[in-house]
Amino acid sequence: MVATPEKVEHNHEQSSGQQRVAVLLMGYGEVESYEDFANYNEQALHLLTAKFAPVPAWIYPPLAKILALFDRHEWGHQHNDFISPHNAIFEKQRAGIEKSLQQQWGDRVQVFKAFNFCAPFLPHQVLAEIKNQGFDKLLIYPLLVVDSIFTSGIAIEQVNKALSQLADGSEHWVKGLRYIPSFYNEPAYIDMMVRLVEEKIASELAAAYLPAEIGIILMNHGCPHKAKGFTSGITESQALYDLIRDKLINRYPLISIGWLNHDTPMIEWTQPNVEQAAKNLIQLGAKAVMFMPIGFATENHETLLDVHHIIHALEKKYSQVNYVQMACVNDHPDFLSMVAQWANSHIAELLSEEAMVVNSELAAVHHHHHHH
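Conventions adopted
- Residues numbered from 1 in each chain as written.
- Predicted model: local features only at pLDDT ≥ 70, side-chain atom pairs only at ≥ 80, totals over all residues.
- Heavy atoms only, no water.
- Helix = DSSP H or I, 4+ residues; strand = E, 2+ residues; numbered from the N terminus.
- Buried < 20%, exposed > 50% of the residue type's maximum accessible area, 1.4 Å probe, protein only.
- Contact = heavy atoms within 4.5 Å.
- Areas by Shrake-Rupley, 256 points an atom, 1.4 Å probe, with all protein chains shown as cover.
- Pairing = 2+ DSSP bridges.
- Right-handed = clockwise from strand over helix to strand, strands pointing away.
- Expected span 1.5 Å × (residues − 1).
- Axes fitted to C-alpha atoms, helices over the stretch in contact; angles between N-to-C directions.
- Parallel < 35°, antiparallel > 145°, perpendicular 65-115°, else oblique.
- Nonpolar A, V, L, I, M, F, W, Y, C, P; charged D, E, K, R; others polar.
- Salt bridge = Lys/Arg side-chain N within 4 Å of Asp/Glu carboxyl O.
- Patch = residues over 30% accessible without salt bridge, like charges linked within 9 Å, V, L, I, M, F, W, Y side chains within 5 Å.
- Left-handed = near helix turned anticlockwise from the far one by under 90°.

1. Things to note about the overall build of the protein
Moving on, step 1. Helix and strand content of the protein: 12 helices and eight strands.
Moving on, step 2. Each of the 372 residues in the protein was classed as buried or not, and the buried ones make up 49%.
Moving on, step 3. Excluding contacts between residues fewer than 6 apart, the proportion of contacts in the protein whose partners are at least 24 apart in sequence is 80%.
Moving on, step 4. Accessible surface, the protein as shown: approximately 18300 Å² in total, 55% of it carbon and sulfur.

Listed below in structure tokens is the structure:
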């Protein structure tokens, strides 16, 4: 189809007009080259571990290198040079969400991805690019099911740091800002989780097992109980589990939460962990156990390797049980369109509201004044 002159004119007008929104989709990111493990771990220790463990800063570099050796052993030797599919899936998510949003907003909206720990997509690198492209409205959108200091919390911490570094002159280049923290209680996401579980049971288990013999473990990201008073994710994770469980329990009585914890010494983690949850259900008569990641939107080493380890350990002990490992929502078209849907109202607000003008020099003045 050839664009009519009016159409071309209209598009040009839109793109040269100021009103555009950059959507910053944020995720963890995972190393794709084993050389990067130590650097990745060091950043993760700084941003994550510091929030709940009393670790002196000088320990970070050597500890990161030690952890890197463990990672290399696990990914390289135990799992045949595993490379995490996380970043590739995240790019598909970004592209799918952008496509969906542009159907409504055209080129006034663009979706960028940032990873907490992976160059060249670190938040400060991506925000510099957004600024260069002339965007002045920003929607910060961590693609994370649950809001906590370890998810959206570090995303905001990194964005704030980057925005401070990118400020030039007295007037800030960001003229509008919105934020979507999490979607643990979004009905569309809850229903989708339920539907995926039911479809899997129908296709793989229903013919061979009674509903009461099918154990369902709904897996959340493990959380430490103490995080210096920050939101650690337990409340939303628990609510997410309850909402999904309520919709399944009348047909499938054997359901348990399962926390994918990190084994760190001296830290009290959420219980039961996934392995314990499986043992509990098997004790109650489960002959098949399904592992469904509800607290993760994107596949990563935890949903793949950790769950694989757990199933392997269970198979040794209970070889008669059938184990089913389910995938995250990843780039499922239904998921991408709902994620785009959740952003629409915020984009509408950003496009319609007057530009706010923030003068960072005023903060210093105000602070000084307050001091007297």
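2. Describing the pairing of strand β5 (residues 214-221)
Moving on, step 1. Counting buried residues along β5, seven of its eight residues qualify, which places the element largely inside the surrounding structure.
Moving on, step 2. For β5 and strand β7 (residues 288-293), the ladder comprises six bridges, and the chain directions are parallel. Residue pairing in the sheet places Gly-215 in a bridge with Val-289 of β7.
Moving on, step 3. Where β5 lies against strand β6 (residues 255-260), six bridges are found, and the strand directions are parallel. Pairing of Leu-218 across the sheet is with Ile-257, part of β6.
Moving on, step 4. The parallel pair β5 and β6, bridged by helix α8 (residues 234-248), forms a crossover whose chirality is right-handed.

3. With respect to helix α6 (residues 149-166)
An α-helix turns once per 3.6 residues; consequently, residues spaced three or four apart project the same way.
Moving on, step 1. For α6, built from 18 residues, the straight-helix expectation of 26 Å at 1.5 Å per residue is met to within 8% by its first-to-last C-alpha distance of 24 Å.
Moving on, step 2. Listed as buried for α6 are Ile-149, Phe-150, Thr-151, Ser-152, Ile-154, Ala-155, Gln-158, Val-159, Ala-162, Leu-163 and Leu-166.

4. Brief notes about the packing of helix α7 (residues 187-205) against helix α11 (residues 333-352)
Packed helix pairs are characterised by how far apart their axes lie and by the angle those axes make with each other.
Moving on, step 1. The contact between α7 and α11 brings their axes to 10 Å, and the two run at 170°. Of the possible angle classes, the one that applies to α7 and α11 is roughly antiparallel. Every residue of α11 that contacts α7 at Ala-188, Tyr-189, Met-192 and Arg-195 is listed here: Asp-334, Phe-335, Met-338 and Trp-342.
Moving on, step 2. Residue classes in the contact of α7 with α11 are distributed as six nonpolar, no polar and two charged.

5. Description of the sheet that holds β7
Moving on, step 1. Read across the open sheet, the four strands follow the order β6-β5-β7-β8; overall the sheet is parallel. Of all the strands in the sheet, just β6 and β8 (322-325) have a single pairing partner and so form its edges. Going across the sheet, the axis of each strand differs from the next one's by a mean of 25°, ignoring polarity.
Moving on, step 2. Where α8 meets the sheet, it contacts β5 and β6, and its direction lies at approximately 150° from that of β6.

6. With respect to the pattern of salt bridges
Moving on, step 1. Evaluation of the coordinates by the stated rule reveals 14 salt bridges.
Moving on, step 2. Here Asp-191 makes a salt bridge to Lys-247, at a shortest N to O gap of 3.1 Å. Of the two residues, Asp-191 is situated in helix α7 and Lys-247 in helix α8; the sequence distance between them amounts to 56 residues.
Moving on, step 3. For Asp-191, a relative accessible area of 37% puts it in the partly exposed group.
Moving on, step 4. Sharing partners across several salt bridges, the network here consists of Glu-91, Arg-94, Glu-98 and Lys-113.

7. Overview of a nonpolar patch on the surface
Moving on, step 1. A cluster of nonpolar side chains, namely Leu-177, Met-356 and Val-358, defines an oily patch on the protein surface of about 210 Å² accessible area.
Moving on, step 2. Checked against the element boundaries, Leu-177 lands in strand β4 (residues 176-179).

8. A word on the packing of helix α5 (residues 123-132) against α6
Moving on, step 1. At a minimum axis distance of 9 Å, the contact between α5 and α6 shows a crossing angle of 50°. Looking at the two axes, α5 sits oblique to α6. Crossing handedness for the pair α5 and α6: right-handed. Contact with α5, carried on its side by Pro-123, His-124, Leu-127, Ala-128 and Lys-131, involves Gln-158, Val-159, Ala-162, Leu-163, Gln-165 and Leu-166 of α6 and no other residues of that element.
Moving on, step 2. Considered class by class, the residues forming the contact of α5 with α6 number seven nonpolar, three polar and one charged.

9. Observations concerning the environment of Thr-151
Moving on, step 1. Along the polypeptide, Thr-151 turns up in helix α6.
Moving on, step 2. Of the residues examined, Thr-151 reaches a relative accessible area of 11% and is grouped as buried.
Moving on, step 3. Each residue touching Thr-151, except ones within four places of it in the same chain, is listed here: Tyr-28, Leu-144 and Val-146.

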